[in-house]
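# Examining the three-dimensional arrangement
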Amino acid sequence: MEEGAGEAPLLLLHKRSGDVWTAFAHIITGVIGSGVLALSWSVAQLGWVAGPVSLVLFALVSLLNASLLLNLHLYPDPNNGVTIINRSYLQAVENILGNSNGRVCSVLVYFNLFKLGVVYTITSAISIRAIEQSNCYHENGHEADCEYGIKTYMILFGIVQIIASQIPNFHCTKWLSVIAAVMSFAYSFIGSGLGLAQTIGNGKVKGSIGGVSTDEPIQKVWLVAQAIGDIAFSYPFPLIFLEIQSTLKSPAPEEVTMKNASRIAVFTTTVFYLCCGGFGYAAFGNSTPGNILTGFGFYEPYWLIDFANACVFLHLVGGYQIFSQTLYGIVERWYAEKYLESESTSNRIFRMRRNPFRVGDFLAVGCILPGGDVFCAEKNRTVDR
């Protein structure tokens, strides 16, 4: 059996020790992001029929992706009969479809990984800002002017990631994924619970079959497209599927373990998505905010809102690493392949891992873009209209 392209001894030092539950934790960390708290807005645009149906359909698409990728981890080369281990999505494309297709795919993979890094940076800063705003509203009233910037919090997130990025590779992120998965369950439970409590307090289920109505048809089309895009973005784990499968230990067949983990994770995720999206929409109806925690659909109990947003921040630390370690691994495997004969390859890669510029690009783009403030504000204004 031959290792996938670009493997080097340095990158294979870690014994595979993963099982169905560590794979489950990795998938949950990669899938349940803070976007779960915005799904109530997406359901509000689609309505009580199309909203839940879209969530279930995209869950089924994710399971289909998983079932297809399962069989690509070990690939028998038809030219020489050697079995190749594909340790990443990009490696699988290059080994199966050739270098030309691999180069095209690499652009899309790099873009998606980079985009996730930027989005996580902005979202984490918004969550920390929401804690400060929640305390301000509690002390000064709900009508108080509690506006704060997020660039300082993005820098804080970047500093945390510079430290977290010293984790050598994907194999060593198991403990981080477990913590992040617990955090994601925590704020998802809180978001769902607050929505259910608000619905009970209202004494009725708000919302409609067709979702939010608009004055112009084109505006409705745009909102529906945005909602479907948000739901699709909520299931991003195929990008890291093969990396997770590469951490699984034998003797249990890796395909069986990964299939069980992905089924459990997608089922669990979909239940949380339906609860958060459904309860949030039932609570606020057509006035559902873009994010039920940072959009201040809820003000009290403020300490619970603070705790939930802190959980979001901690989860995003782990989620950022899950996707970024994939990007780091691609670069380091390429470097190890290019300088395989060099005795200083290991030292060079270790120096690359200590380099703070590993996360600098994500942080810089996040600070330059006004995306965090504009994105949430635009969503809220659109729904309010």
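Located above this text is the structure these notes cover.
The structure reproduced in this document is the subject of the present report. Think of each chain on its own: its residues are numbered from 1, step by step along the sequence as written. Restriction of local features to residues with pLDDT of at least 70 applies here, the model being predicted, together with a cutoff of 80 or more for giving and counting side-chain atom pairs; totals for whole chains, interfaces and linings are based on all residues. Side-chain numbers here rest on the full set of heavy atoms in the structure, without hydrogens or water.

The next subject is the overall build of the protein chain. Counting from the N terminus, the helices are the DSSP runs of H or I reaching at least four residues and the strands are the DSSP runs of E reaching at least two. A count of helical and extended segments in the protein chain gives 13 helices and three strands. Only protein chains enter the accessibility calculation, which uses a 1.4 Å probe; a residue whose area is less than 20% of its type maximum is buried, one above 50% is exposed, and one in between is partly exposed. For the protein chain, the proportion of its 385 residues judged to be buried stands at 52%. Residue contacts follow a heavy-atom distance rule, with two residues in contact if any of their heavy atoms lie within 4.5 Å. Sequence-distant contacts in the protein chain: of pairs separated by 6 or more residues, those separated by 24 or more amount to 83%. Surface accessibility follows the Shrake-Rupley procedure with a 1.4 Å probe radius. Residue values consider only the protein chains on display as shielding. Accessible surface computed for the protein chain: about 17300 Å², of which carbon and sulfur atoms make up 65%.

This part takes up helix α4 (residues 99–140). To estimate the expected span of a helix, subtract one from its residue number and multiply by 1.5 Å. Helix length check: α4, at 42 residues, gives a terminal C-alpha distance of 60 Å against a target of 62 Å (1.5 Å per residue), a fit within 8%. Values of bend correspond, residue by residue, to the angle between axes fitted over the seven residues ending at that residue and the seven starting there. Bending of α4 peaks at approximately 25° at the position of C105. Just past α4, the residue G141 takes up positive phi, approximately 95°.

The next thing to look at is the nonpolar core. Residues belong to a common nonpolar core when they are buried Ala, Val, Leu, Ile, Met, Phe, Trp, Tyr or Cys residues joined through side-chain atoms within 4.5 Å. I32, V36, Y187, F237, F241, M258 and Y273 are the most contacted members of the largest nonpolar core, which totals 85 residues. If one sorts the elements of this core by residue count, helix α10 (residues 302–338) sits on top with 14 residues.

Attention shifts here to the side chain of T199. Note on placement: T199 falls in helix α6 (residues 174–202). Here a polar contact means two N or O atoms within 3.5 Å. Within protein one must be a hydrogen donor candidate and the other an acceptor candidate, and residues neighboring in sequence count only if both atoms are side-chain atoms. At 2.8 Å, the side chain of T199 and the backbone oxygen of G195 are in polar contact. Ignoring sequence-local partners within four residues, the contact set of T199 consists of K204, V205, F279, A282 and A283.

Further remarks concern the environment of S165. Summarising the element assignment, S165 is placed in the loop between α5 (151–164) and α6. When its relative accessible area of 0% is taken as the criterion, S165 is described as buried. At a separation of 3.0 Å, a polar atom in the side chain of S165 contacts the side chain of Q321.

Turning to a nonpolar patch on the surface, a few remarks are in order. Here a patch means residues that are over 30% exposed by relative accessible area and free of salt bridges, tied together within 9 Å if like-charged and within 5 Å if nonpolar (Val, Leu, Ile, Met, Phe, Trp, Tyr). By definition, a salt bridge exists where a carboxyl oxygen of Asp or Glu is found within 4 Å of a side-chain nitrogen of Lys or Arg. On the surface, a cluster of nonpolar side chains totalling about 590 Å² of accessible area is made up of V49, V53, V56, L57, L60, I209 and L274. Among the elements that make up the nonpolar patch, the one with the highest residue count is helix α2 (residues 39–70) (five residues). Tracing the backbone through its elements, the reader meets L60 in helix α2.

Right, let's talk about the packing of helix α3 (residues 89–97) against α4 for a bit. Simply put, an axis is a line fit to the C-alpha atoms, just over the touching stretch for a helix, and the angle between two N-to-C directions goes from 0 to 180 degrees. It is the contact of α3 with α4, at a shortest axis distance of 7 Å, that shows an interaxial angle of 160°. One element, α3, and the other, α4, form an angle in the roughly antiparallel class. Here α3 runs over α4; the crossing is right-handed. Seen from α3, the contacting residues are Y89, L90, V93, E94 and L97; seen from α4, they are N99, N101, G102, C105, S106, V109 and Y110. Taken together, the residues of the contact of α3 with α4 break down into seven nonpolar, four polar and one charged. For this classification, under 35 degrees means roughly parallel, over 145 means roughly antiparallel, 65 to 115 means roughly perpendicular, and everything else is oblique. Put simply, a crossing is left-handed when the front helix is turned counterclockwise from the back one by less than a right angle, and right-handed when it is turned clockwise. Basically, the charged four are Asp, Glu, Lys and Arg, the nonpolar ten are Ala, Val, Leu, Ile, Met, Phe, Trp, Tyr, Cys and Pro, and anything else, Gly included, counts as polar.

All right, on to the packing of aromatic side chains then. For any pair of aromatic rings, geometry is given as the distance between the ring centres together with the angle between the planes. Between 30 and 60 degrees the pair is tilted, below 30 it is stacked and above 60 it is edge-to-face, where a pair is any two Phe, Tyr or Trp rings, Trp via its six-membered ring, whose centres lie within 6.5 Å. For the structure on display, the rule yields nine aromatic pairs. Arranged with centres 4.9 Å apart and planes meeting at 40°, the rings of W48 and Y281 form a pair that is tilted. Of this pair, W48 sits in helix α2 while Y281 sits in helix α9 (residues 254–284), and the two are 233 residues apart along the sequence. Assessed through its relative accessible area of 0%, Y281 is described here as buried. Centroid distance Y120 to F323: 6.2 Å. Interplanar angle 85°. Geometry classified as edge-to-face. Linking Y120 in helix α4 with F323 in helix α10, this pair joins segments that are 203 residues apart in sequence. This pair shows no difference in class: Y120 is buried, exactly as F323 is. Each residue in the set W21, F24, F185, F189 and F272 is aromatic and connected to the rest through ring pairs, giving one cluster.

Right, let's get into the state of the cysteines. A pair of cysteine sulfur atoms is labelled a disulfide when the two atoms are within 2.5 Å. Taken as a whole and judged by the stated rule, the model has one disulfide. Distance from the sulfur of C276, which forms no disulfide, to the nearest cysteine sulfur (C275) is 7.0 Å. By relative accessible area, C276 is classed as buried at 1%.

Turning to the packing of α4 against α5, a few remarks are in order. Close contact between α4 and α5 brings their axes to 8 Å; oriented N to C, the two are set at 120°. Accordingly, the angle class assigned to the pair α4 and α5 is oblique. Read as a crossing pair, α4 and α5 show a hand that is right-handed. Judged by residue contacts, Y120, T121, I122, S124, A125, I128, R129 and E132 of α4 engage Y153, M154 and F157 from α5. Within the contact of α4 with α5, the residues separate by chemical class into seven nonpolar, two polar and two charged.

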